[in-house]
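# Report on the structure
Take a look at the letters that make up each chain.
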Amino acid sequence: MRATVMYGAGDVRVEHVPDPQIKESTDALVVVTRAAICGSDLWPFKGMPPSETGRRMGHEFIGIVEAVGKDVHKIKVGDLVAAPFAWSDGTCEFCQVGLHTSCLHGGWWGGAELDGGQGEAVRVPQADGTLYPLPVGRDHALMPSLLTLTDVMATGHHAAVTAKVAPGKIAAVVGGGAVGLCGVIAAKRLGAEQIIFLDRHAERIALAQSFGATDIVSERGEAAVERVLALTNGLGAHSVLECVGYEESTRTALSIARPGGAVGRVGVPQDETMPVAMPTFFRNVTISGGPAPARAYMDALLPDVLEGRIEPGKVFDFSGPLDCVPEGYRAMNARTAIKAIIEF
Ligand SMILES: [Zn+2]
C-alpha cells in the first residue's frame, strides 16, 4: 500500500510500504477513506533530524473495517469507524475515567512501529476500545466535521473543558489554527458569553467570528495582554484556551487569565519550562490541559455534528488525494492553508 513517511525536516513523501496485517487478536484492519494533516504534524516537518528509515505520519482518520482479530467483538467488518489520535483499550483505570490518552495499554499512531493515518490502510491496536463506529455512509456530506472529532474538535473541546468554560463566562482563545478555531466552537457550545480570539490572519478571524468569537485581538506579546485586559474591565478572562504551544503564546495565555481563572493548554509545549510562574501563583490560576481524550468526547460531540449544531469541518480549506499530502504540509506550514483533508 501507499502511505506518508517523514524523512526529516521538509522531507515528507508518499511511498510504498508493507501492507498492514492483523498481528494481535485485538487488532482491526481499517481501509482509510478520509485523513487529515494536523498542526502537530508540522513540528517534525519543521525540525525532525534526518532519518534513514523515516517515520510514518498521520493520526486523524476515518475508514472501513476490513478485518478483525478473534478477540474483537464490538467492531465489525464493514463498519465505518473514526479513529481518535491515540489508541486505547477502553477498559483500564484511566480509560474508565475518560482519560484515554493515558491508557495503560494504549499509544500513538505512526512512528517507526505503527501505521499512520495518512496512508491507504492502518493496523489498529485495541480495536474495540479505540474505534468509534459512525452511523453514516462513507461519503456523507458531514465527513469533514466528523473527521475533526478524531483530533482538532476534541482538542478544542478539551481546551475549553480544562479551562472551565461555563455559561456566562469570558473565554479567550490563543491561536487561530484549526484547534483554536475549534476552541471557539467549543467555548460557544459550553455557553461562554464573550469569546476573545487572538490571531492576526483575516481568513481565520472571519471563520472564528462565524463560529462565535465576539472580540478579536491581533496584537501580540505585551500589547495583546493589555488589549485583553481592556476588553475585560482590566480583570482578564475566566477561561483561556492555549492552542499553540510556543513560549510566547503560553506567556500570553497565562498572563490574560484573571484571578481564580483557568488555562487549558492543548498546544504541544515546545519548551521544557513554563513562563509566568510567579504571577499565576499569586492570581490562583489553574493550569490544566494536555492531550485530549478524543475517544471519551465522541459521545458528546457526535450528536452536535450530526444534528448540525456545530460545523467544525469548516476548518478544512485544502483537499486532495493521497498524492497531495506533501503539498498539504507545505501549504499548512506556509499558512496558506489552515488544514488539509485527504480523500481516498
Ligand atoms: Zn485504557
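Look a little higher up for the structure.
What you are looking at is a predicted structure, and each value in this text was computed from that prediction instead of being measured.

Donor atoms from the polypeptide that coordinate the zinc ion comprise Asp89 (OD), Cys92 (SG), Cys95 (SG) and Cys103 (SG), at 2.1 to 2.3 Å from the metal. Every donor counted, the four donor atoms about the zinc ion form angles of 93 to 122° at the centre, which fits tetrahedral coordination. Counting along the primary sequence, the residues that act as donors to the zinc ion give the motif D-x2-C-x2-C-x7-C. Of the two residues, Asp89 is situated in the loop between strand S7 (86-87) and helix H2 (93-96) and Cys103 in the loop between H2 and strand S8 (107-108); the sequence distance between them amounts to 14 residues.

Looking now at the packing of helix H5 (residues 152-162) against helix H6 (residues 178-189). If you want to describe how two helices pack, look at the angle between their axes and the distance between the axes. Running from amino to carboxyl end, H5 crosses H6 at an angle of 55°, the nearest separation of the two axes being 7 Å. Classified by the angle their axes make, H5 and H6 are oblique. For the pair H5 and H6, the sense of crossing is right-handed. For the pair H5 and H6, contact is made by Val152, Met153, Thr155, Gly156, His157 and Ala160 and by Ala178, Val179, Cys182, Gly183, Ile185, Ala186, Ala187 and Arg189, respectively. A per-class count over the contact of H5 with H6 returns nine nonpolar, four polar and one charged.

The next thing to look at is the pairing of strand S11 (residues 170-174). Among the five residues that make up S11, five are buried, leaving the element largely enclosed by the rest of the structure. Taken together, the five bridges between S11 and strand S12 (residues 194-198) define a ladder with parallel strand orientation. Within S12, the residue paired with Ile170 across the bridge is Gln194. Read from S11 through H6 to S12, the crossover connection turns out right-handed. Bridge count between S11 and strand S14 (residues 237-242): four bridges; the pairing is parallel. Residue pairing in the sheet places Val173 in a bridge with Leu241 of S14.

Let us now look at the nonpolar core. If you look at the biggest cluster of nonpolar residues, it comprises 53 residues, and the most contacted ones within it are Leu134, Leu146 and Leu241. A total of eight residues in this core trace back to one element, the largest contributor, which is H6. Sequence-distant contacts of Leu134, defined by excluding residues within four places in its chain, comprise Ile62, Leu80, Val81, Ala82, Leu146 and Leu302.

With that settled, consider the state of the cysteines. For the coordinates displayed, the defined rule picks out zero disulfides. Just so you know, Cys324 is unpaired, no disulfide at all, and the nearest cysteine sulfur is the one on Cys38, 19 Å from it.

Reading the values: rules and limits
- Position numbers for residues count from 1 along each chain, tracking the sequence in the order it is written.
- For this predicted model, a pLDDT threshold of at least 70 governs which residues receive local features, and a threshold of 80 or more governs which side-chain atom pairs are given and counted, while totals over whole chains, interfaces and linings are taken from all residues.
- Water and hydrogen atoms play no part in the side-chain values, which are based on all heavy atoms of the structure.
- In this analysis a donor is any N, O or S atom within 2.8 Å of a metal ion (3.2 Å for sodium, potassium and calcium), and since water is not included, sites may seem incomplete.
- Key to geometry: four donors with every angle between 85 and 135 degrees are tetrahedral; four donors are square planar and six octahedral where opposite donors lie over 155 degrees apart and all remaining angles lie between 65 and 115; all other sites are irregular.
- Numbering goes from the N terminus for both helices and strands, where a helix is a DSSP run of H or I of at least four residues and a strand is a run of E of at least two.
- Only the contacting stretch of a helix is used when fitting its axis, a line to C-alpha atoms as for every element, and angles between N-to-C directions run 0 to 180 degrees.
- Roughly parallel here means an angle under 35 degrees, roughly antiparallel means over 145, roughly perpendicular means 65 to 115, and every remaining angle is called oblique.
- Should the near helix be turned anticlockwise from the far one by less than a right angle, the crossing is termed left-handed; should it be turned clockwise, right-handed.
- It only takes one pair of heavy atoms within 4.5 Å for two residues to be counted as in contact.
- Side-chain classes follow a simple rule in which Ala, Val, Leu, Ile, Met, Phe, Trp, Tyr, Cys and Pro form the nonpolar group, Asp, Glu, Lys and Arg form the charged group, and the remainder, Gly included, forms the polar group.
- We call a residue buried when its accessible area falls under 20% of the maximum for its residue type, exposed when it is over 50%, and partly exposed in between, using a 1.4 Å probe and counting protein chains only.
- For two strands to be treated as a pair, DSSP must find no fewer than two bridges joining them.
- Look down the strands so they point away from you; if the path from the first strand over the helix to the second goes clockwise, the crossover is right-handed.
- For our purposes a nonpolar core is just a set of buried Ala, Val, Leu, Ile, Met, Phe, Trp, Tyr and Cys residues, chained together by side-chain atoms within 4.5 Å.
- In what follows, a disulfide is any cysteine sulfur pair within 2.5 Å.

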